[in-house]
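The lines below spell out each chain.
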Amino acid sequence: MGGPRRLLLVSNSTLHGGGYLGHCQQHIQSFLGQKVKRVLFIPYALHDRDAYARTAREKFESLGYGLDSIHESCDPVEAVRKSEAIFIGGGNTFRLLKALYDNSLIHEIRKRVLEDGIPYMGSSAGTNVATISINTTNDMPIVYPPSLQALGLVPFNINPHYLDPDVKSTHMGETREERIRQYHEEPNTPPVLGLREGAMLLVEGDKATLQGLTGARLFLRGKKPTEHEPGTDFSFLLTDSNPPNL
């Protein structure tokens with residue numbers, strides 16, 4: 001097949017007041033287009049994979065796509081090799097990444113997406129594992145993957161479900177921004193894109209564009225965070241070059 005990488009990295013599967021993937025279904029159809037007939041779903045982030053697959057299958061079939069769940073395959077590696085498109089859903093990022101390693105899927109997914117050019121869609125945890133590591137996930141480490149290094153489809157980190165500080169809250173724990181700042185206190189840590197719920201990042205080759213209903217907050221080590229609206233060009237995050245003045 002071949003072609004440039006194509007990624008749709010969604011912050012969340014369900015937006016308040018809507019159904020499963022309802023807020024991004026038009027983006028999904030535009031992203032997958034008419035050439036893709038079937039999507040390979042990876043439900044490893046949730047414990048009940050059968051129920052998860054039913055939810056995803058119902059949604060994708062309503063959009064005109066067949067859906068095969070990888071947990072129903074006797075050979076997960078071969079399922080990835082034969083896939084037309086991959087969708088990894090949300091849940092616990094540690095559980096998801098461990099399962100990807102346990103099933104020897106890291107290399108295979110990278111090859112299919114970065115070399116063969118098949119579309120990759122992630123939501124929440126599925127977006128986390130698309131990045132360089134899962135260091136900026138919001139999830140509890142309920143299991144221990146062999147590494148925090150993830151698929152590396154993009155050379156930076158994403159924080160899905162990014163929450164702004166509530167000035168009226170009496171909660172004394174760290175804000176999301178403070179936790180990301182702590183991450184950047186470590187040397188050689190990459191940029192972190194905080195995707196608010198309703199936001200998503202579309203990557204086509206070397207071009208990355210913020211899409212969706214809400215904005216994002218970008219964190220660069222040693223710099224003040226910056227606010228960005230839908231339509232922002234984040235292509236510079238895909239290269240090692242210095243970012244523009246933000």
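Residues numbered from 1 in each chain as written. Predicted model: local features only at pLDDT ≥ 70, side-chain atom pairs only at ≥ 80, totals over all residues. Heavy atoms only, no water.

**Looking at the pattern of salt bridges**
Phase 1: In total, this model carries 15 salt bridges according to the counting rule given.
Phase 2: Arginine 81 is the partner of glutamate 78 in a salt bridge, and the nearest nitrogen-oxygen pair spans 3.9 Å. Here glutamate 78 and its partner arginine 81 are both found in helix α3 (residues 76-82), three residues apart, which amounts to about one turn of the helix.
Phase 3: Judged by its relative accessible area of 29%, glutamate 78 is partly exposed.
Phase 4: The partner of lysine 207 in a salt bridge is aspartate 233, with the nearest N and O atoms 3.4 Å apart. Highlighted residues: lysine 207 in strand β9 (residues 207-212) and aspartate 233 in the segment after β11 (226-228), separated in sequence by 26 residues.
Phase 5: Given the relative accessible area of 41%, lysine 207 is considered partly exposed.
Phase 6: Each of Glu177, Arg181, Arg196, Arg217 and Glu227 takes part in one network of salt bridges that share partners. (Salt bridge = Lys/Arg side-chain N within 4 Å of Asp/Glu carboxyl O. Helix = DSSP H or I, 4+ residues; strand = E, 2+ residues; numbered from the N terminus. Buried < 20%, exposed > 50% of the residue type's maximum accessible area, 1.4 Å probe, protein only.)

**Considerations on the sheet that holds strand β6 (residues 157-159)**
Phase 1: Pairing is mixed across the open sheet formed by four strands, whose spatial order is β6-β7-β10-β11. Since the sheet does not close on itself, it has two edges, and those belong to β6 and β11, each with one partner. Taking the axes of each pair of neighbouring strands and ignoring which way they run, one obtains an average angle of 25° across the sheet.
Phase 2: For strand β10 (residues 216-219) and β11, the ladder comprises three bridges, and the chain directions are antiparallel. Looking at the pairing, arginine 217 lines up with glutamate 227 of β11.
Phase 3: Its contacts with the sheet place helix α7 (residues 176-184) against β6, β7 (192-195) and β10, and it is angled at close to 25° to β10. (Pairing = 2+ DSSP bridges. Axes fitted to C-alpha atoms, helices over the stretch in contact; angles between N-to-C directions. Contact = heavy atoms within 4.5 Å.)

**Structural notes on the packing of aromatic side chains**
What characterises a pair of aromatic rings is the spacing of the ring centres plus the angle enclosed by the ring planes.
Phase 1: With the rule as written, the count across this model stands at five aromatic pairs.
Phase 2: Among the aromatic side chains, those forming a connected cluster through ring pairs are Phe41, Tyr52, Phe60 and Phe87. (Phe/Tyr/Trp six-rings, centres within 6.5 Å; stacked < 30°, edge-to-face > 60°.)

**Examining helix α4 (residues 93-102)**
Phase 1: Of all the positions in α4, only Thr93, Phe94, Leu96, Leu97, Ala99 and Leu100 are classed as buried.
Phase 2: For α4, the side-chain oxygen to backbone nitrogen distance between the N-cap and phenylalanine 94 is 3.0 Å, and the N-cap itself is asparagine 92.
Phase 3: Looking at the residues trailing α4, positive phi occurs at serine 104, about 55°. (Polar contact = N/O pair within 3.5 Å; in protein donor to acceptor, adjacent residues only side chain to side chain.)

No statement about biological role is implied by the geometric values presented.
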